[in-house]
Amino acid sequence: MAFMAAAATAPSSSSSPLQLYKHAAARRSAPALLLRRPRSRSHRNQLACSLDATKQAVQEERPAAVNGVAGRTDCYGVFCTTYDLRAVGARWRTDWCKRDEETKTWKKVVSVAVSGAAGMISNHLLFKLASGQVFGPDQPIALKLLGSSQRSFQKLEGVAMELEDSLYPLLREVSIGIDPYEVFQDVEWALLIGAKPRGPGMERADLLNINGHIFEQQGKALNAVASRNVKVLVVGNPCNTNALICLKNAPDIPSKNFHALTRLDENRAKCQLALKASVFYDKISNMTIWGNHSTTQVPDFVNARIDGKPARQVIRDTKWLHEEFTKTVQKRGGELIQKRGRSSAPSTAVSIVDAIRSLVTPTPEGDWFSSGVYTNGNPYGIAEDIVFSMPCRSKGDGDYELVTDVTIDDFLWERIKKSEAELLAEKRCVGHLIGEGEEELCEVTEDTMLPGEQ
Ligand SMILES: NC(=O)C1=CN([C@@H]2O[C@H](COP(=O)(O)OP(=O)(O)OC[C@H]3O[C@@H](n4cnc5c(N)ncnc54)[C@H](OP(=O)(O)O)[C@@H]3O)[C@@H](O)[C@H]2O)C=CC1
Ligand SMILES: O=C([O-])CC(=O)C(=O)O
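Please read all numbers here as calculations on a predicted model, not as lab measurements.

Student: I would appreciate a short explanation of the overall build of the protein in the present structure.
Tutor: Helices and strands together make up the secondary structure of the protein, namely 14 helices and 17 strands. Here the protein holds 454 residues, and the buried ones make up 55% of them. For the protein, the exposed surface amounts to about 19,500 Å²; the carbon and sulfur share of it is 50%.

Pasting the structure below:
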């Protein structure tokens, strides 16, 4: 049986996104285009070479591609090409494999969905994912890009084209679509970045409601079609409550698998301590962000360490720690927006990389990282059933455990309770999205702000 590789189903340059959308609508399904590339001779050889080592993975990919091609006319250029990988392998495999031992040890392809894939954060993140710096140099990757509407479809095509042109050896597949039920099919990671930014005059409750609906839908889609052990990282704001909505709508996926991104806040806090202590920032460890990704977040200088010593032994300026440090970290996002005119994107992408790597590599002995996780039997006395940033450790298997040996003093506790109250208020606003009440119960305070809002 001929083994078909690099089947492709991308749109022809002459077909507009609108046509594609109509075509898909007629099938009662949004388009999901699969881009594969028999790009160059060396790349074909890589595919052939890795066949034995990754045969199972390749076989798993294949049916979708072959089936996809059969009934479709909407493809462009090189992506329309279908070829026989076995034939390619037979011709070149021997020499190539001698030269390229590396690909033999490649792991099974990991399937990663990214929403808001045409946005600013993704603009940086996708290229890091494709390069291997996130999942490792032996980890081939399939990227599934989710857009929100027909309008964003053309942008996603552009993103996919740039990924293609980057010639990343590990990037095995790029697909784009606007239907989460298609895009999330079997994904092992879902990086949920897409969200509507808060516009002028928009109430916080409106933002919670609008974005909440996005995460309600995406939670349902993940529940229906994603890998049963999918890891979900919610970035789109307000990320803690969006993550809560998402997990509540995905009851068949462990709640523990959902994270809200607070790693950017951790990195910001490390930077501030390093500046104050006049040390390079790799000397800062054990930094926790407690609570919400908002201006009520609590950067923890009590348990943080500088070059292995408690931060308070190195930085004796208690007033600075209590007042300036805390406020600077809480408002860093807003300050950045004022200077740059837009919210942080490159550093957010870096922090997403850090957050994923913290789950797929073992946490260094004695250290930990922060993540917004579901409170379900937490040892700190924080309200259950919310998504709250806490200190975590991982064995590198994608899972994590909460750290128990931390001190929470009165200063921290008072502020942790404030952030907790804010999250409980946010939760009441989205009761209608998590099956727990009515929208009218929403009473968010003025204090409830994203880091970017001041
Ligand atoms: N947790 C954190 O630490 C941080 C979080 N953020 C948050 O990340 C999010 C993305 O930021 P950024 O990439 O800079 O923003 P951009 O505005 O550049 O991109 C956002 C993307 O979201 C998508 N989007 C907009 N409206 C909707 C919708 N109704 N449904 C689905 N998708 C939608 C858009 O995609 P399309 O074209 O498909 O509509 C757009 O490409 C924001 O919510 C921001 O507040 C930002 C920094 C830090
Ligand atoms: O408010 C925003 O969109 C930006 C943000 O989250 C941050 O910079 O931490």
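Student: How should the site of ligand 1 be read in this particular structure?
Tutor: Contacts to ligand 1 come from 24 residues, most closely from Met120, Ile121, Ser148, Ser152 and Asn237. One of the backbone N or O atoms of Gly119 is found 3.3 Å from an oxygen atom in ligand 1. In isolation ligand 1 offers 910 Å² of accessible surface; the protein chains occlude 81% of this area. With respect to the pocket detection grid, ligand 1 is positioned in the largest pocket. If you list the elements that add at least two residues to the shell around ligand 1, you get helix H5 (120-131) and helix H6 (150-165).

Student: Sorry, what's going on with the layout of surface pockets here?
Tutor: Using a probe with the size of a water molecule, rolled over the atoms, empty space left in the structure can be pinpointed. Approximately 1,300 Å³ is the volume found for the largest pocket. Within the residue set of the lining of the largest pocket, elements represented by two or more residues are H5, H6, helix H8 (204-225), helix H10 (263-277) and helix H12 (318-340). It is H8 that provides the largest number of residues to the lining of the largest pocket, a total of five residues. Split into classes, the residues belonging to the lining of the largest pocket amount to 20 nonpolar, 19 polar and six charged.

Student: So what exactly am I meant to see when it comes to the pattern of salt bridges here?
Tutor: Opposite charge on two side chains lets them pair, provided their charged atoms get close. All told, the structure shown has 18 salt bridges when counted by the stated rule. The partner of Lys319 in a salt bridge is Glu323, and the shortest N-O contact between them spans 3.1 Å. You can see Lys319 and its partner Glu323 sitting in helix H12, four residues apart, about one turn around the helix.

Student: When you look at the packing of H10 against helix H13 (residues 346-360) in this model, what are you seeing that I'm missing?
Tutor: Helix packing geometry: the angle between the two helix axes and the distance between the axes. Where H10 meets H13, the axes come as close as 8 Å, and the angle between the chain directions of the two elements is 105 degrees. Put simply, H10 runs roughly perpendicular to H13. Residue-level inspection shows Arg263, Leu264 and Asn267 of H10 in contact with H13, the latter providing Ser347, Thr348, Ser351, Asp354, Ala355 and Ser358.

Student: What exactly am I supposed to notice about empty space enclosed by the protein here?
Tutor: Enumeration according to the criterion identifies three cavities of 30 Å³ or more in this entry. As a volume, the second largest cavity reaches approximately 60 Å³. Around the second largest cavity, the lining residues are Leu233, His259, Ala260, Leu261, Thr262, Arg263, Ala355, Leu359, Phe369, Ser370 and Ser371. Those elements that place two or more of their residues in the lining of the second largest cavity are strand S9 (258-260), H13 and strand S15 (369-374). Of the residues contributing to the lining of the second largest cavity, the split by class is six nonpolar, four polar and one charged.

Student: Honestly, the side chain of Glu420 in this entry has me stumped. Any pointers?
Tutor: Among the structural elements, Glu420 can be located in helix H14 (residues 410-429). Once residues within four sequence positions are removed from consideration, Glu420 is found in contact with Gly381, Ile382, Ala383, Ile386 and Phe388.

Student: Got a minute to help me understand the confidence of the model for the protein in this structure?
Tutor: Overall, the prediction assigns the protein a mean pLDDT of 81, with 73% of residues at 70 or greater. Under a pLDDT of 50 for its full length, residues 1-31 has, in the predicted model, 94 contacts with residues more than four places off or in other chains. Contacts for the low-pLDDT stretch residues 37-99, under 50 throughout, to residues beyond four places or in other chains number 135 contacts. Confidence estimates for the predicted assembly give a pTM of 0.83 and an ipTM of 0.97.

Student: Whenever I open this one, the pairing of strand S8 (residues 231-234) confuses me. Can you help?
Tutor: A regular strand carries its side chains on alternate faces of the sheet. Along S8, one buried face is formed by Lys231 and Leu233 and the opposite face, lined by Val232 and Val234, is buried too. Of the pairings in the sheet, the one linking S8 to S9 comprises three bridges and is parallel in character. From the neighbouring strand, Val234 faces S9, where its bridge partner is Ala260. Each parallel crossover has a hand, and the one from S8 via helix H9 (residues 239-248) to S9 is right-handed.

Student: Mind showing me how you'd approach the pairing of strand S7 (residues 189-192) here?
Tutor: Neither face of S7 is open: one carries Trp189 and Leu191, the other Ala190 and Leu192, and all of them are buried. Across four bridges, the pairing between strand S4 (residues 110-115) and S7 is parallel. By the bridge assignment, Ala113 is partnered in S7 with Ala190. Sheet topology places S7 next to S8; four bridges connect them, and they run parallel. By the bridge assignment for S8, Trp189 is matched with Lys231.

Student: How do you make sense of the packing of aromatic side chains when you look at a structure like this?
Tutor: The description of an aromatic ring pair rests on the distance of the ring centres and on the angle between the ring planes. One pass over the full model with this rule turns up six aromatic pairs. Ring centres 6.2 Å apart and planes at 80 degrees place the aromatic pair Phe301 and Phe325 in the edge-to-face group. Note that Phe301 is positioned in the loop between strand S12 (298-300) and strand S13 (305-306) and Phe325 in helix H12, a separation of 24 residues in sequence. Each of the two residues, Phe301 as well as Phe325, counts as buried. When the centroid spacing of 5.4 Å and the interplanar angle of 55 degrees are considered together, the rings of Phe301 and Phe411 count as tilted. Remark: Phe411 occurs in helix H14 and Phe301 occurs in the loop between S12 and S13; sequence separation between them is 110 residues. Taking relative accessible area as the criterion, Phe301 reaches 0% and is therefore assigned buried.

Rules and cut-offs
Residues numbered from 1 in each chain as written. Chains lettered and ligands numbered in written order. Predicted model: local features only at pLDDT ≥ 70, side-chain atom pairs only at ≥ 80, totals over all residues. Heavy atoms only, no water. Helix = DSSP H or I, 4+ residues; strand = E, 2+ residues; numbered from the N terminus. Buried < 20%, exposed > 50% of the residue type's maximum accessible area, 1.4 Å probe, protein only. Areas by Shrake-Rupley, 256 points an atom, 1.4 Å probe, with all protein chains shown as cover. Near = heavy atom within 4 Å. Polar contact = N/O pair within 3.5 Å; in protein donor to acceptor, adjacent residues only side chain to side chain. 1 Å grid on protein atoms, 1.4 Å probe; cavity = no way out; pocket = protein on both sides within 12 Å on 5 of 7 lines; lining within 4 Å. Sits in = over half its atoms within 2 Å of the grid points. Points joined across faces, edges and corners; volume = space filled by probe spheres on them. Nonpolar A, V, L, I, M, F, W, Y, C, P; charged D, E, K, R; others polar. Salt bridge = Lys/Arg side-chain N within 4 Å of Asp/Glu carboxyl O. Axes fitted to C-alpha atoms, helices over the stretch in contact; angles between N-to-C directions. Parallel < 35°, antiparallel > 145°, perpendicular 65-115°, else oblique. Contact = heavy atoms within 4.5 Å. pLDDT = per-residue confidence, 0-100. Pairing = 2+ DSSP bridges. Right-handed = clockwise from strand over helix to strand, strands pointing away. Phe/Tyr/Trp six-rings, centres within 6.5 Å; stacked < 30°, edge-to-face > 60°.

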